[in-house]
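# Coordinates in review
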Amino acid sequence: MGAKQTRSEHDHQDLVEKTGFSVEQIQNLHKRFQQLSGNEETISREHLKNIPALANNPIRMQIIEAFFDKRNQHGNELGSYETIGFEEFLMVMSHFRPPTLRTTTEEKETMRKEKVRFLFNMHDTDGDGKITLAEYRKVVEELLSKSGTIEQEAARAIADAAMLEVASTNVPNMGPDDFYEGITFEHFEQILKDLEMESRMHIRFLDVNTAKVHCGK
């Protein structure tokens, strides 16, 4: 029993160093993970689809896919998982960790960059390093059409106009016949440079009785 407890404490400490969460937060998140998985060692997309708080979220599928995107494991690997274990779940959750009073300016900047990268990955669905017009259209159409007050064609027109504005800002000398390949991560950072990420991007999974999820800009 004592050896098992020591090993568990060692595992938790390793996760503290990898994610920045406290041991208590990791324990709470593990309870949430067990609740989601039905006490299994892994969770699938179907498990996350059953979260009531996600049911009416217009970017529900993007949020779910983010948990299985290998790019969100703080590495450079591309592709996606079919299922994820607790450590992978925790690594994704760490993107939403808010800074503390002890967080240095340099650490805050790193955390902000990781949050922006996470959002970028949600939009860059094919992992080619650019948010194309097609990818941007899909997100805007879903966001607007879910409201029930706008038709798909109108949503597409809004997405096209927004992308054109982004293109003219990022490539000021672009001619009328030039093709805009898409929004790069650097351009995406510029677009969000004045956004206060801590209040705009969060995910609440610490309550083991409910799951409240918000991810937006």
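Chains are numbered independently. Their residues run from 1 in the order of the written sequence. Predicted model: local features are reported for residues with pLDDT of at least 70 only, side-chain atom pairs are reported and counted for 80 or more only, and whole-chain, interface and lining totals are derived from all residues. Water and hydrogen atoms play no part in the side-chain values, which are based on all heavy atoms of the structure.

If you check an unreviewed UniProt entry, the protein chain appears there as Calcineurin B homologous protein 3 from Ameca splendens. UniProt positions are given in the numbering used here, feature names are shortened, and annotations may be inferred rather than shown by experiment. Within the UniProt record for the protein chain, the comment given under Sequence similarities (unreviewed entry) is "Belongs to the calcineurin regulatory subunit family. CHP subfamily."

Right, let's talk about the overall build of the protein chain for a bit. Secondary structure assignment for the protein chain yields ten helices and six strands. Scored against the burial criterion, the 217 residues of the protein chain give a buried share of 38%. Any two residues whose heavy atoms approach within 4.5 Å are treated as being in contact. Nonlocal contacts in the protein chain, meaning residues at least 24 apart in sequence, comprise 55% of its contacts between residues at least 6 apart. Exposure was quantified through the Shrake-Rupley algorithm and a 1.4 Å probe, taking into account, for residues, occlusion by the shown protein chains and nothing else. When the accessible surface of the protein chain is summed, it comes to about 13,000 Å², and 49% of that surface belongs to carbon and sulfur atoms. Helix and strand labels come from DSSP, where a helix needs a run of H or I of at least four residues and a strand needs a run of E of at least two; each type is numbered from the N terminus. Only protein chains enter the area calculation, which uses a 1.4 Å probe; residues under 20% of their type maximum are buried, those over 50% are exposed, and those in between are partly exposed.

Bringing empty space enclosed by the protein into the picture now. Here a cavity is any set of points on a 1 Å grid over the protein atoms alone where a 1.4 Å probe fits but cannot get out, and a pocket is any open set with protein on both sides within 12 Å along at least 5 of 7 lines; a residue lines the site when it has an atom within 4 Å of a point. Grid points are joined across faces, edges and corners, and a volume is the space filled by probe spheres set on the points. Here the structure, examined in full by the defined rule, presents two cavities of 30 Å³ or more. If you add up the space inside the second largest cavity, you get close to 30 Å³. Surrounding the second largest cavity, S94, H95, F96, R97, M111, E114 and K115 form its lining. Polar here means any residue outside two lists: the nonpolar Ala, Val, Leu, Ile, Met, Phe, Trp, Tyr, Cys and Pro, and the charged Asp, Glu, Lys and Arg; Gly therefore counts as polar. Tallied by class, the residues present in the lining of the second largest cavity amount to two nonpolar, two polar and three charged.

When you line up the elements, V139 lands in helix α7 (residues 133-145). Using a relative accessible area of 9% as the deciding quantity, one classes V139 as buried. Separated by 20 residues in sequence, V139 and A159 have C-alpha atoms that sit 8.7 Å apart. The contacts of V139, once residues within four sequence positions are left out, are I59, Q62 and H123.

Core analysis: the largest hydrophobic core is formed by 42 residues, its most contacted members being L48, F67, F86, F89 and F188. Of all the secondary structure elements, the ones that give two or more residues to this core are α1 (2-19), α2 (23-37), α4 (60-68), α5 (86-93), α6 (105-123), α7, α8 (152-170) and α9 (185-191). Definition of nonpolar core: a set of buried residues of the types Ala, Val, Leu, Ile, Met, Phe, Trp, Tyr and Cys, connected through side-chain atoms within 4.5 Å.

It is worth spelling out the pattern of salt bridges at this point. Between side chains of opposite charge, a pair can form when the charged atoms approach closely. Only one rule defines a salt bridge in this text: a Lys or Arg side-chain nitrogen within 4 Å of an Asp or Glu carboxyl oxygen. Scanning the model with the defined rule gives eight salt bridges in all. Salt-bridge contacts for K18 lead to E87; the nearest nitrogen and oxygen are separated by 2.6 Å. Separated by 69 residues along the polypeptide, K18 in helix α1 and E87 in helix α5 bring together distant segments of the chain. The salt bridge partner of E65 is R45, with a shortest N-O separation of 2.8 Å. Of this pair, E65 sits in helix α4 while R45 sits in helix α3 (residues 45-49); the two residues are 20 residues apart in sequence, bridging distant segments of the chain. Note on E65: relative accessible area 33%, which makes it partly exposed. Residue classification places R45 among the buried residues on the basis of a relative accessible area of 16%.

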